[in-house]
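Architecture and fold: a report
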Amino acid sequence: MNINRKIQTLDEFTIQQMRDFPNATGELAGLLRDIGLAAKRVHVEVNKAGLVDILGDHGTTNIQGEEVKKLDIFANNQFMGVLRHGISCAGIGSEEMDDIVVFDDEISNQSKYVCLFDPLDGSTNIDVNVSIGTIFSVFRRVSELGKPATKADFLQQGLKQVAAGYVIYGSSTMLVYATRRGANGFTLDQSIGEFTLSHPDIQCPPTGKIYSVNHGNYFRYDEKVKRYITACQQKTTETGGPYTQRYIGSMVADVHRSLIKGGIFMYPGTTDRPKGKLRLLYECNPFAFIMEIAGGKATDGQQRILEIQPTEVHQRTPFFVGSKLMMEELENS
Ligand code: P6P
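Residues numbered from 1 in each chain as written. Predicted model: local features only at pLDDT ≥ 70, side-chain atom pairs only at ≥ 80, totals over all residues. Heavy atoms only, no water.

Some details on the packing of helix H2 (residues 27-46) against helix H3 (residues 70-84)
- In contact at an axis separation of 9 Å, H2 and H3 are set at 155 degrees when each is read in the N-to-C sense. Viewed along their axes, H2 and H3 adopt a mutual orientation that is roughly antiparallel. The hand of the H2/H3 crossing is right-handed. Together, Leu-31, Asp-34, Ile-35, Leu-37, Ala-38, Ala-39, Arg-41, Val-42, Glu-45 and Val-46 of H2 and Leu-71, Phe-74, Ala-75, Gln-78, Phe-79, Val-82 and Leu-83 of H3 make up the contact between the two elements.
- Of the residues contributing to the contact of H2 with H3, the split by class is 13 nonpolar, 1 polar and 3 charged. (Axes fitted to C-alpha atoms, helices over the stretch in contact; angles between N-to-C directions. Helix = DSSP H or I, 4+ residues; strand = E, 2+ residues; numbered from the N terminus. Parallel < 35°, antiparallel > 145°, perpendicular 65-115°, else oblique. Left-handed = near helix turned anticlockwise from the far one by under 90°. Contact = heavy atoms within 4.5 Å. Nonpolar A, V, L, I, M, F, W, Y, C, P; charged D, E, K, R; others polar.)

This is the structure:
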């Protein structure tokens, strides 16, 4: 009997992916469903942030020296909670925590994966109702199963990710994730409380008309970046131009737009911060993985983001990501 399955939920999609791989254990599918559950809980709080006292500062600063918003902590606890009590993750790293957290219990030590999170990116925008997001990265452990996860499990090159994704809490709440089999987007259908497949097999357009960068730092960028920005403002780009400039100041929103509509997002290094601001492990690696799976490119200005060998959990990197042809224009500028 041909059952009408036009609307596929995240759970049904991940189970279908498992059916296509009979020898899959279902751990990764389970981990993605756990992340989807936590994302729904964060969605509820983000969407009522204006009504209850969950806005504003938590009164502490994190390892980045940044003011921690109450929603940051709430989000961190939601994702850590579902994974600690699940059966698919041996430990996590998070922007909100100084070091990795190894769950170190009998079940978790048998788990094949570890996760890294920015639980609520763009949190400075929370108080002004601009889209914010969660970013996550999943690695298969390199340490021995049955024993606690180790730092080496987290400090792997981005090209070794088995999955990566983000949640954007915007005009709708969407969860986008990629595995080597493709990038897919799921929009939260609040009538049934499920993420439902809305953007199957996402492909990043090979070019676009939008460049995204913080012009306030212009005079602190290197000459190559300045040349490219100038080209974007003139008719001197190979793919047309002049382009439109859009900068929301929330990475998840800026990169999501670049992925769906085409474009380029840049957070370059500057004379005062040569490594830029964005974090390699839980901001740049996940988006680089998704963008490459969708046909785009992601570099630090010199090399593929995914080939960088990390040395510490919170290390920063300059970040350029987006449509293949626009990225090549930047590389040749
Ligand atoms: P700037 C938000 O705080 C964030 O980490 C990213 O989401 C965003 O792309 C970037 O910082 C914005 O930084 O220096 O341009 O305000």
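Describing the packing of aromatic side chains
- Tallied over the full model, the rule gives 9 aromatic pairs.
- Seen from their ring centres, Tyr-247 and Phe-265 are 6.4 Å apart, and the 0 degrees between their planes marks the pair as stacked. On the criterion of sequence distance, the pair formed by Tyr-247 in the loop between strand S12 (244-245) and helix H7 (251-261) and Phe-265 in strand S13 (residues 264-267) is long-range, its members being 18 residues apart.
- Residue class for Phe-265 comes out buried when judged on its relative accessible area of 2%. (Phe/Tyr/Trp six-rings, centres within 6.5 Å; stacked < 30°, edge-to-face > 60°. Buried < 20%, exposed > 50% of the residue type's maximum accessible area, 1.4 Å probe, protein only.)

Brief notes about the nonpolar core
- Counting residues in each nonpolar core, the largest one holds 43 residues, and the members touching the most others are Tyr-166, Met-251, Leu-259, Phe-265, Phe-287, Ile-305 and Phe-319.
- Among the elements of the structure, strand S5 (113-121), strand S6 (132-140), strand S7 (161-169), strand S8 (173-179), H7, S13, helix H8 (280-293) and strand S15 (319-322) are those that each provide at least two residues to this core.
- The element best represented in this core is H8, accounting for 9 residues.
- Counting contributing residues per domain, this core is built from domain 1 (10-199) and domain 2 (210-331), each supplying no fewer than three.
- Once residues lying within four places of it in the same chain are set aside, the contact partners of Phe-319 are Met-251, Phe-265, Met-266, Tyr-267, Pro-268, Leu-278, Cys-284, Phe-287, Ala-288, Ala-298, Thr-299 and Ile-305.
- Within the second largest apolar cluster, 38 residues are counted, among which are Met-97, Ile-132, Val-162 and Leu-175. (Core = buried A, V, L, I, M, F, W, Y, C linked by side-chain atoms within 4.5 Å. Domains from an automatic or database assignment.)

Side note on the sheet that holds strand S10 (residues 194-199)
- Pairing within the open sheet is mixed, and its 8 strands lie in the order S4-S3-S5-S6-S7-S8-S9-S10. Edge strands, defined here as strands with exactly one partner in the open sheet, are strand S4 (101-102) and S10.
- Summarising the sheet, S5 and S6 pair through 7 bridges and their orientation is antiparallel. The partner of Val-114 across the bridge, within S6, is Phe-139.
- Where H3 meets the sheet, its contacts fall on strand S3 (89-94), S4, S5, S6 and S7, and the angle it forms with S5 comes to roughly 160 degrees.
- Across the sheet, H8 is in contact with S3, S5, S6, S7, S8 and strand S9 (182-189); its angle to S7 comes to roughly 100 degrees. (Pairing = 2+ DSSP bridges.)

Keep in mind these values describe shape, not function.
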